[in-house]
Each structure stands twice: as structure tokens, then as C-alpha cells.
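Below, each chain spelled out in residue letters.
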Amino acid sequence: MTEEERKVITDKITEARQRIAEAAIASGRRPEDITMVAATKMNDADRVRAAVEAGVDVCGENRVQELLEKYEQHAYDGKPLHFIGTLQSNKVKYLIGKVAMIESVSSVKLAKVIDKEAAKAGICQDILLEVNIGREESKLGIDPDELDSAILEIAKLEHVHVRGLMAIPPKTQPNQEKTLYFDRMSQLFIDISAKKYDNISMDCLSMGMSADYCEAISCGATIVRLGTAIFGARHY
Ligand SMILES: *Cc1c(COP(=O)(O)O)cnc(C)c1O
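What this report covers is the structure whose coordinates are included nearby. Predicted, not measured: the structure shown is a model, and the values here were computed from it. (Residues numbered from 1 in each chain as written. Predicted model: local features only at pLDDT ≥ 70, side-chain atom pairs only at ≥ 80, totals over all residues. Heavy atoms only, no water.)

Considerations on the overall build of the protein chain
Note the following rule: Under the scheme used here, helices are H or I runs from DSSP no shorter than 4 residues and strands are E runs no shorter than 2 residues, and both carry numbers assigned from the N terminus. In this description the radius of gyration comes from C-alpha coordinates, and the expected globular size is given by 2.2 Å times residues to the power 0.38. Any pair of residues with heavy atoms lying within 4.5 Å of one another is described as a contacting pair. Every accessible area reported is derived by Shrake-Rupley at a probe size of 1.4 Å, with residue values counting cover from the shown protein chains alone. The charge count treats Lys and Arg as positive and Asp and Glu as negative. His and the chain ends do not count. To locate a charge, take atom NZ for lysine, CZ for arginine, CG for aspartate or CD for glutamate.
Across its full length, the protein chain carries nine helices and eight strands. Against the globule reference of 18 Å for 236 residues, the protein chain gives a C-alpha radius of gyration of 17 Å, in line with a compact fold. Dimensions of the protein chain along its principal axes, counting C-alpha atoms only, are 50 × 45 × 35 Å. Long-range pairs, those at least 24 residues apart, make up 60% of the contacts in the protein chain between residues at least 6 apart in sequence. Here the protein chain displays about 11500 Å² of accessible surface, and carbon together with sulfur accounts for 49% of that area. For the protein chain, the distance from the average position of its 31 positive side-chain charges to the average position of its 37 negative side-chain charges is 2 Å.

Structure representation (C-alpha cells):
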């Protein structure tokens, strides 16, 4: 990659950091309490490394194969790595020991597989539960009405630790309030925190992407996942 490309990534991270700080302060929170995840899909190891050097807090990868390739190339060295994409049970084993957190745990069944693989490795895996907050047919995630019962099941697992919730809200209609789904997530997050379930922490609320991370922070997000805001448009 060219020096110019590197500078663009660095500048975009600086700009996003500034906007995150403003949104945090505007809602009475501290900028350092918001974690910036670089959603690195489709960006090669050099570009990921540029983001790491420019000071993102965490790298977030979507596909297991892509993660393994970049991991081998030491793209993420120096920063924690989160898995944020759709995860098939048979690929869980490749992530254990490499990722600090699996944000996209969309079912009790998947949590049980993670528990089993983490047990084999002798570790406890931090996870977030992905909530299908818009109840969309096309999306994975736990139905909001089933979240409590899912949490009670997952709390029994010794080798996973639930650290919070994650969501990818539906695309809002032009006349729709953008914060509707963020507010719903925030309410779920607060309700579950208040119940103080054993072995369940609610310290991470991962929501908000390039188009809406400031709104997400206003609604209580503690983790925002930025792709295009850092790397520019993806070319599929
Ligand atoms: C790609 C991706 C993002 C980032 O999307 P942008 O709109 O490019 O910021 C965030 N979260 C997940 C799960 C993603 O797959």
C-alpha cells in the first residue's frame, strides 16, 4: 500500500475518534469508555496493520478463513481481536485462543459449542449475545423475547462468559427514527444488568456502524464497529 493510502486510514481514524469523543461527552460519558472496533473485512493485512498502528482499540473480523489468513500474517498483532460475523459451529475451534471475544453468538446452541471448545483449550471465552432486535427473517440473532431464557441456559456454561449484547439493527426507513432499535437494545441491556444473573456481566453493548455510530453512542453503545468510516467503501 502507498504512504498516501496509509495516511487516509490514519486520518479517518483520527476523525472517527473525534466524533466518538464528542458523542460520548454529549451524553455525559467518557470518550475512553467507548471502544472503537475496526471492521476489517475485505481489507488486506497491510491495511489492517495501518489501522492498528493508527490506534484503533480492537480489530473485528467477519469470516473465519479471512481471519486465519491475516492472523498468520500478524495483521492484528498488538490489538485484541473480536469475531463479529456469522459463525458456523464447525469453525468455532479455529477461533479459540485467537480471539478475545466472539461478539456474534446468535444461539444457545452456538454458545454450547464455544463452551466445549474453550473447555478443551482450558480457557473461558468472552462472548456477546447477538440480538435480532428488528426480528428480521434474514438475520441471525436471539429473539428479544427469548433473551432471558437463553441467558439462563448460557450462564450455566463454565467456559463462556457473557460480557454483554450486540446487534445489527435493520436499515431504517427514511421516516423512521434512527434510534428506535438502539433504544430497544439499550433497554434490554439495562433490564438484564438489573437482574444480576450469576456468571453474566453486562459491560459491553456493541451497536453502531459507520453510518450511525454517534446515534448509537447517544443510546448507550460501549462498542462501535467501523468499516467504511475507517477503510473507505468496500469493493465486492
Ligand atoms: C462490516 C461490518 C461492520 C462495519 O460496517 P460499516 O457500515 O462499513 O461500518 C460492522 N459490524 C459488522 C458485524 C460488520 O459485518
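Resuming the write-up.
Some remarks on the site of the ligand
Which entries qualify depends on this criterion: Only heavy atoms are used to decide nearness, and a residue is near a molecule or strand if one of them lies within 4 Å of it. Cavity and pocket criteria rest on a 1 Å grid covering protein atoms alone: a 1.4 Å probe that fits but cannot get out defines a cavity, protein on both sides within 12 Å along at least 5 of 7 lines defines an open pocket, and an atom within 4 Å of a point defines a lining residue. In this description, a molecule resides in a pocket or cavity if more than half of its atoms sit within 2 Å of the grid points defining it. Ten residues, namely Ala, Val, Leu, Ile, Met, Phe, Trp, Tyr, Cys and Pro, are considered nonpolar, four, namely Asp, Glu, Lys and Arg, are considered charged, and the remaining ones, Gly among them, are considered polar.
Taken together, Ala 39, Lys 41, Asn 62, Ile 84, Ile 168, Met 209, Ser 210, Arg 225, Leu 226, Gly 227, Thr 228 and Arg 234 form the complete shell of residues around the ligand. For the ligand, the protein covers 89% of the area, taking 390 Å² as the surface of the free molecule. The cavity where the ligand resides is the largest pocket. For the shell around the ligand, a count of residues per class yields five nonpolar, four polar and three charged.

Focus on the layout of surface pockets
Our working rule: Grid points are joined across faces, edges and corners, and a volume is the space filled by probe spheres set on the points.
Computed from the structure, the largest pocket encloses a volume of approximately 980 Å³. Secondary-structure elements contributing two or more residues to the lining of the largest pocket are α7 (180-195) and β8 (223-226). Here the residues of the lining of the largest pocket sort into 14 nonpolar, 10 polar and nine charged.

Some words on α7
Spelled out, the test is: To estimate how far a helix should reach, multiply one less than its number of residues by 1.5 Å. Three exposure classes are used, based on accessible area relative to the maximum for each residue type with a 1.4 Å probe and protein chains only: buried under 20%, partly exposed in between, and exposed over 50%. The arc in question is formed by the directions pointing from the helix axis toward the C-beta atoms.
Helix length check: α7 (16 residues) gives 23 Å between terminal C-alpha atoms against 22 Å at 1.5 Å per residue, within 8%. Among the residues of α7, Tyr 181, Phe 182, Met 185, Ser 186, Leu 188, Phe 189 and Ile 192 are the ones counted as buried. Looking straight down α7, one finds its buried side chains confined to an arc of 160°; they lie on one side. As for α7, its buried residues are in contact with β5 (125-131), α6 (147-155), β6 (160-167), β7 (200-206) and α8 (213-218). Phi turns positive, to about 45°, at Lys 196, one or two residues after α7.

A closer look at the packing of aromatic side chains
Rule in force here: Each Phe, Tyr or Trp ring, with Trp reduced to its six-membered ring, pairs with another whose centre is within 6.5 Å; inter-plane angles below 30 degrees give stacked pairs, above 60 give edge-to-face pairs, and intermediate values give tilted ones. In this scheme, Lys NZ or Arg CZ marks a charge over a ring once it lies within 6 Å of the ring centre and within 35 degrees of the ring normal.
Taken as a whole and judged by the stated rule, the model has zero aromatic pairs. Of note, Lys 98 hangs over the ring of Tyr 71, and the distance from its end group to the ring centre comes to 5.6 Å.

Observations regarding the nonpolar core
The cut-off we apply is this: To define a nonpolar core, start from buried Ala, Val, Leu, Ile, Met, Phe, Trp, Tyr and Cys residues and group those joined through side-chain atoms within 4.5 Å.
Grouped together as the largest cluster of nonpolar side chains are 71 residues, with contacts concentrated most on Ile 127, Leu 129 and Leu 165. In contact with Leu 165, other than residues within four places in its own chain, are Leu 128, Leu 129, Val 131, Leu 147, Met 185, Leu 188, Phe 189, Ile 192, Met 202, Cys 204, Leu 205 and Ser 206. Counting residues in each nonpolar core, the second largest holds seven residues, with Val 37, Met 101, Met 166 and Cys 204 among its members.

Looking at the environment of Ile 200
Structurally, the position occupied by Ile 200 is in strand β7. Given the relative accessible area of 13%, Ile 200 is considered buried. Sequence spacing of Ile 200 and Gly 164 is 36 residues, and the spatial spacing of their C-alpha atoms is 7.9 Å. Leave out the neighbours within four places in its chain, and Ile 200 touches Ile 151, Ala 155, His 161 and Val 162.

What to know about the side chain of Glu 61
Using the following cut-off: Under the rule applied, a polar contact is a pair of N or O atoms within 3.5 Å (in protein, one hydrogen donor and one hydrogen acceptor; residues adjacent in sequence only if both atoms are side-chain atoms).
Relative to the elements of secondary structure, Glu 61 occurs in strand β2 (residues 58-61). A distance of 3.1 Å separates the side chain of Glu 61 from the side chain of Lys 70, its partner in a polar contact. A polar contact of 2.7 Å, which involves the side chain of Glu 61, links it to the side chain of Tyr 76. If near-sequence neighbours (up to four positions away) are discounted, Glu 61 is found in contact with Thr 40, Lys 41, Glu 66, Leu 67, Lys 70, Tyr 76, Leu 81, His 82, Phe 83, Ile 84 and Gly 85.

As for the pattern of salt bridges
Spelled out, the test is: Any carboxyl oxygen of Asp or Glu within 4 Å of a side-chain nitrogen of Lys or Arg constitutes a salt bridge here.
Using the criterion set out here, one finds 18 salt bridges in the structure. Of the charged contacts, one joins Glu 53 and Arg 6 as a salt bridge, the two residues approaching to 3.4 Å between their closest N and O atoms. Taken together, the residues Glu 53 in helix α2 (residues 45-53) and Arg 6 in helix α1 (residues 3-26) connect sequence positions 47 residues apart. On the basis of relative accessibility, which here comes to 27%, the residue Arg 6 falls in the partly exposed class. The closest approach of N and O atoms between Asp 143 and Arg 135, which form a salt bridge, is 3.2 Å. The class of Arg 135 is partly exposed, set by a relative accessible area of 43%.

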